[in-house]
Every structure is written in structure tokens, then in C-alpha cells.
Amino acid sequence: MALLRVEQLSKKFGGLQAVDSVSFALQEGSIKAVIGPNGAGKTTLFNLISGTLPVSSGEVRFRGHAIQGLRPYQVARLGIARTFQNIKMFAGMTALENVMVGRHVQSKAGFLASMFRLPGSRSEERQIRLKSLELLDLLGIADHAETEATSLAFGQQRAVELARALALEPTLLLLDEPAAGLNIYETAEIGRLITKIRDMGITVLLVEHDMSLVMDISDEIVVLSFGQKIAEDVPTKIQRNPEVIKIYLGEETAGQV
Amino acid sequence: MRNTLVLLPLVALIILVQILAGWTDSVFYLTQLTMSAYYALLIIGLCVVMGYAGQISLGHAGFFAIGGYLSAALTTRNLVPYHDNLLVKILDSAGFLLASQDVYGEPLLVVTPWAACIAAILTATLIAFVIGIPVLKLKGHYLAMATLGFGIIIFRVVLASAYFGEADGISGVPGFTLLPGLTVSGDFQSRAQNYYIAWAALLIGMLLLRHLIDSRVGRALRAIHSSPEAADSMGVDTARFKLYTFVLSAIFAALAGVLLTHYNGGIGPSEASVMKSVRYVAIVAVGGMANLWGALIMGVVLNFLSLRGVFGSYDDAVFGLILVLIMLFAPNGILSLHFGLLRQRIMMFCRKGPAEEAK
């Protein structure tokens with residue numbers, strides 16, 4: 001059964017049809033990439049799935065339940081974590097604290113329990129810290145646990161953001177351009193990480209510009225152009241799809257290929 | 001544990017000040033230090049709203065007044081004429097009322113300080129919820145506007161109603177016996193005791209808020225302040241957390257109002273004025289917004305100076321000017337100007353390594 005199913009999803013900004021009846025399904029345990037030129041509606045599609053933007057029409061089904069119309073924090077509680085294209089680190093907090101925020105849905109100490117340090121909240125706090133350190137370790141940045149997150153190098157911030165999303169223990173991970181701003185070595189590293197995450201049993205949906213990364217790691221690819229889905233297939237077939245080549249390289253070049 | 005240890009030098013300082021005041025025959029300073037501690041209790045609560053939840057409240061003098069006025073009115077207004085009233089009978093049989101005689105020997109029936117305190121806190125909590133629910137769902141300065149309106153309403157109500165004593169306020173408020181032998185009152189004999197009660201209240205409040213900031217809830221609040229969108233996608237219900245923080249700070253303000261009113265033996269309408277709310281906001285800004293220690297220190301120092309009459313009749317103008325200057329020259333608070341380096345070192349000293357903390 002498909003973990004996530006997007007059906008006839010549309011989003012209009014005034015007169016602009018940013019996403020136009022897009023449908024696709026995401027199989028549990030797979031990596032799916034959404035690609036397309038700038039302005040194709042990839043990030044908008046992401047924001048519709050995560051609840052950051054309200055949908056104009058259509059449905060988003062997660063494990064068979066319609067989730068469109070839920071607020072982002074409700075979507076997160078269902079087990080859908082996301083990262084952002086322009087990394088949104090929590091300023092003034094260490095890398096470790098950033099990841100600890102990610103444990104929010106997996107813990108429950110409220111105002112009173114926290115203020116009075118009730119016994120339950122103490123052991124929970126220890127668990128949060130241990131789990132977060134574990135994740136920083138997994139992503140190879142445990143050395144920077146106590147560094148303020150915004151002062152880390154860009155690639156390290158990406159890793160912290162990824163650890164923060166994994167801290168939710170999601171079943172579905174949405175990655176918005178995970179390789180944006182990274183050099184080729186860092187990109188290769190993030191590719192290895194994403195496959196590792198998939199092997200942990202987490203389903204991944206990513207939006208990405210970097211073709212080599214997408215072709216390397218994806219099980220399937222959805223191609224968007226001007227808000228419409230123009231192709232959906234395995235990477236090797238997408239590479240030879242004349243329509244995809246046309247939108248990426250232009251009409252004339254496509255004729256010569 | 002770390003939070004508790006940090007308080008120890010302060011406790012030593014508090015005791016030292018009391019001893020010095022006794023030796024130098026200047027115990028009258030303790031009175032203003034006691035009052036300053038109660039104001040600081042309100043200010044550290046407001047600091048969490050402003051610095052950590054990123055909201056501004058211009059109505060905290062209103063919550064202070066709800067605490068002060070309700071406990072003052074309930075513990076002084078005679079209920080003898082209403083003793084046939086069903087509600088009064090129920091309260092009496094539940095032990096919430098206290099019968100005695102007034103100075104002329106007439107029978108007097110009033111609410112006990114404990115019951116009045118609880119009623120005042122519950123009222124402040126309820127009102128904070130009602131104001132907070134709609135405005136916290138909206139972005140921007142809606143909370144500032146709504147709380148400003150609320151503050152003005154409270155000010156006009158206490159000024160216009162005979163029950164709250166109009167322009168005279170309420171006097172003759174009895175002492176508040178917290179525990180046997182521990183009474184909040186303005187008695188000369190218990191001046192030192194009250195100094196310690198006020199500072200204990202402030203330090204307990206500080207400890208609770210430090211714990212809060214250093215917890216799951218505090219991290220969520222700081223996350224909301226830094227990036228609401230990212231906090232939301234981490235599963236943090238941002239509107240609910242902001243609301244609870246606002247209500248918590250209203251409770252701190254009301255409690256400060258209750259205790260200070262029993263200490264002073266009365267309360268007047270100036271405590272409810274909007275200028276008082278502006279003063280509290282200014283003090284939190286001077287302290288550095290997201291800095292509980294800054295708020296506590298500035299809350300005590302500035303209120304102490306104001307109560308000593310250092311600013312003369314320019315009192316309100318001084319706090320307005322402070323707000324403007326801070327916004328222009330030191331948006332991170334006055335402590336960041338001179339003691340920035342020192343503070344950094346203290347922070348580094350206090351912060352343990354990750355491995356050590358995980359144990």
C-alpha cells in the first residue's frame with residue numbers, strides 16, 4: 001500500500017496555477033524525487049503536503065487518511081518530518097538543543113512538569129538528550145553538539161537540520177533541496193546519508209536540483225513543469241524521456257539527442 | 001542542579017545586605033528592597049513572554065492590579081450586611097470567611113487572605129486566557145494592542161468603582177499569614193522577616209522559570225521565537241505555547257500584586273496605570289529581553305531607585321526615556337554593553353560538556 005498518495009492536488013496564487021492537478025503515490029520504504037526547472041511548483045507541492053500552505057483543491061492521503069487542511073504541527077505529529085531549502089536553524093541554541101527540539105513530539109513534559117522538575121520529566125529529559133546525541137553522532141557532527149547551530153558551516157547545519165528532522169522518528173521524511181549550497185563532496189555525503197535513512201525504514205520524498213544526486217539515489221522520479229506532472233518513472237527511463245530532455249535542455253537540443 | 005547552584009551567591013548577598021542594613025542602622029532600605037523584589041517577580045514573568053515567546057504585553061499592571069485589588073477588597077470589605085446571602089453562607093461554612101470586630105467594636109466579616117489570594121489568582125488566570133485565546137492566533141502586535149486595551153479598562157474600573165475605593169484605593173489591608181509565624185505585612189517588627197519572604201518568593205519564581213526555559217517547553221519557546229515555521233514543522237503547537245506562557249506571566253503578576261498589597265497594607269489606582277505596564281516592558285528591555293537574570297537585576301535595581309525617589313517627579317518620564325535609549329543603543333540590554341565578555345565567561349563556566357550532562 002502506498003504510504004503517501006497525492007490526488008489531483010492544485011494550488012492557485014491569485015491567477016497563477018502553481019500546482020495543477022498533480023497526482024502520484026509514494027511506496028513505503030522508497031526514495032522518490034520531485035524535479036523540475038525553477039518555478040515548476042516543487043516547493044509549493046512540498047508546502048501543501050506538510051500543511052505549511054492550504055490546498056486549493058485535491059487530496060493528500062497519508063496511510064489512507066486525508067491530511068490536507070491540518071496545521072503543520074499536526075502533520076508532524078502523524079510522523080511526517082521536513083527540512084527547509086534555506087535551512088531554518090533555531091538561532092541562539094546549540095546544535096544539540098536544535099536536535100532536542102525535534103524530540104518534541106516524542107516527549108510530553110508540560111509547563112508544570114518542567115517548572116517543578118517532576119520525576120517523570122527528569123528521566124524524559126535524559127532520554128531526549130541521549131537520543132539527540134545519538135543522532136548527532138549518526139550524522140557525524142557529535143563534536144559540534146555544544147556549538148551554537150547558526151555558527152556552524154553550511155554543510156554541518158544541513159546535517160543538524162537532518163538530525164533534527166530524524167529526531168521526530170518520522171515514517172516519512174520530506175527533504176527540500178538537501179544538496180542546495182553544498183559542494184560535490186558534501187553532496188555525495190548527503191546522498192549516502194539519504195540512502196542510509198531509507199535503509200533505516202524511513203520513506204523519503206525529496207525536491208532537488210542536483211541531477212546527479214537524484215539519479216543516484218532515487219527509486220522513482222516525478223517531473224514537474226509549470227505546475228503539471230509531465231513524467232513519473234525510474235531514473236534510467238526519466239533520463240531518456242524526450243519531454244524531460246526538452247524542458248531541461250530546450251527544444252532544438254532535444255531534436256539532436 | 002546547575003540552576004539551584006547559581007542562586008547560592010545571590011542568597012549570600014541577600015543575607016549580607018540584611019546584616020549590613022542592621023549594623024549601619026539603615027533597615028529602612030529593607031522596605032524598598034522588599035517591594036522591589038515583588039515588582040521583580042512580575043518582571044521575570046513578563047521576561048518569559050517578551051524574550052522567549054516573543055510577545056509584548058502592555059497590560060501587566062492590569063494583572064498586578066487584579067491580584068492586589070481583589071485581595072485588598074475581599075479581605076477588607078465587610079460582608080455582615082450580606083450574611084443572609086446564600087453565597088456568603090456557603091463561603092462561611094466552607095471556612096473562607098473570617099469574623100472579627102472592627103476598631104469601633106462593630107462585627108466584621110471578611111474573606112480570609114488565603115481564599116482571597118486564590119480567588120485573585122484564578123480571576124487573573126481566567127482573564128489572561130480570555131484575552132490570550134483570540135490574539136495569540138494572530139501574528140504581529142495584536143497582543144500588545146489587546147493588552148493595552150485591557151490595562152486601560154482595569155485602570156478605569158478601579159478608578160470609577162466605589163467597591164475598589166475610586167481614586168483613594170483601598171487601605172487597611174490585613175497581613176497575609178502564609179504559614180503559622182510567617183506573615184506578609186508592613187509591621188515594623190517583621191521587616192526583616194518580610195524582606196526574606198519577598199526574596200524567597202522571587203528566587204523560587206526565578207528557579208521555576210529557569211527550569212522552564214531549560215526544558216522541553218523552554219526549547220520549544222525559544223524555537224518559536226527564532227523560527228515559528230520550523231518550530232511548527234517540529235510538531236510544536238505554537239499558539240498554545242504562547243498562550244500558556246502569557247497566562248503563566250499573568251499569574252506571576254497577580255501573585256506579586258497580592259503579596260505587595262498585603263505588605264503595603266493597601267493599593268491605589270496608580271498601580272493599575274498604563275505607565276506602570278510601560279515601565280515593566282522597559283525594565284525587561286533594559287535587562288536584555290531573553291535574559292531572566294538581566295530582568296531580575298534590572299527589576300530590583302530600577303524599582304529600588306524609583307521607590308527611593310531618585311527620579312523625583314520625572315519617574316514615568318525616566319522609564320519612557322530608558323525604553324527609547326535601550327531600543328536605539330542597546331537592543332540586547334544594558335548588560336550586553338559592559339559585561340558582555342564577563343557574562344560569556346560565566347556562561348562558559350556554568351555550561352557542562354555534553355557527555356557529562358547525559359549521565
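### Examining the overall build of chain B
The secondary structure content of chain B amounts to 16 helices and 6 strands. The C-alpha radius of gyration of chain B comes to 21 Å, within 12% of the 21 Å expected for a compact globule of 359 residues. Projected onto its principal axes, the C-alpha coordinates of chain B cover approximately 65 × 55 × 50 Å. The buried share among the 359 residues of chain B stands at 45%. Restricting to contacts in chain B with at least 6 residues of sequence separation, those with at least 24 account for 79%.

### Observations regarding the interface of chain B and chain A
Of the residues lining the interface, 27 residues belong to chain B; the matching set on chain A comes to 36 residues. At the level of elements, helix 7 (191-213), helix 8 (216-226), helix 9 (228-233), helix 10 (238-264) and helix 16 (354-358) of chain B are the ones that each hand at least two residues to the side of chain B that touches chain A. Looking at which element gives the most residues to the side of chain B that touches chain A, the answer is helix 8 of chain B, with 8 residues. In terms of residue class, the side of chain B that touches chain A is made up of 12 nonpolar, 8 polar and 7 charged.

### Focus on the nonpolar core
By size, the foremost hydrophobic cluster in this structure holds 177 residues, and its most contacted members are L41, I43, A254 and A256 of chain B. Counting residues domain by domain, this core receives three or more from each of domain 1 (1-79 + 170-257) and domain 2 (87-163) of chain A. Once residues lying within four places of it in the same chain are set aside, the contact partners of A254 of chain B are F63, F64, I66, G67, A120, I121 and A124 of chain B.

### Remarks on the sheet that holds strand 3 (residues 31-35) of chain A
All names here are of chain A. Taken in spatial order, the 6 strands make up an open sheet running 6-7-8-3-9-10, and their pairing is mixed. What marks the edges here is a single partner per strand, and that holds for strand 6 (80-82) and strand 10 (228-233). Across the sheet, the mean angle from the axis of one strand to that of its neighbour is 15°, orientation sign disregarded.

### As for the confidence of the model for chain B
Residues and elements named next belong to chain B. Across chain B, the average pLDDT comes to 88, with 91% of residues at or above 70. At the low end of the mean pLDDT range in chain B sits helix 16, at 44; at the high end sits helix 3 (residues 60-76), at 96. Predicted confidence is poor over residues 353-359, with pLDDT under 50, and the contacts of this stretch with residues over four places away or in other chains come to 10 contacts. What the predictor reports for the complex is a pTM of 0.89 with an ipTM of 0.90.

### Examining the packing of helix 11 (residues 274-287) of chain B against helix 13 (residues 315-329) of chain B
All names here are of chain B. The N-to-C vectors of helix 11 and helix 13 enclose an angle of 35°; their axes lie 9 Å apart at closest approach. Of the two elements, helix 11 crosses helix 13, and the hand of that crossing is left-handed. Of helix 13, the residues touching helix 11 (which contributes M275, V278, R279, V281, A282, A285 and V286) are D316, F319, G320, I322, L323, I326 and M327.

About the criteria used
- Residues numbered from 1 in each chain as written.
- Chains lettered and ligands numbered in written order.
- Predicted model: local features only at pLDDT ≥ 70, side-chain atom pairs only at ≥ 80, totals over all residues.
- Helix = DSSP H or I, 4+ residues; strand = E, 2+ residues; numbered from the N terminus.
- Rg over C-alpha atoms; globule rule 2.2 N^0.38 Å.
- Buried ≥ 20, exposed ≤ 12 C-beta atoms within 10 Å, placed from the backbone.
- Contact = placed C-beta atoms within 7 Å.
- Nonpolar A, V, L, I, M, F, W, Y, C, P; charged D, E, K, R; others polar.
- Core = buried A, V, L, I, M, F, W, Y, C linked by C-beta atoms within 7 Å.
- Domains from an automatic or database assignment.
- Pairing = 2+ DSSP bridges.
- Axes fitted to C-alpha atoms, helices over the stretch in contact; angles between N-to-C directions.
- pLDDT = per-residue confidence, 0-100.
- Left-handed = near helix turned anticlockwise from the far one by under 90°.

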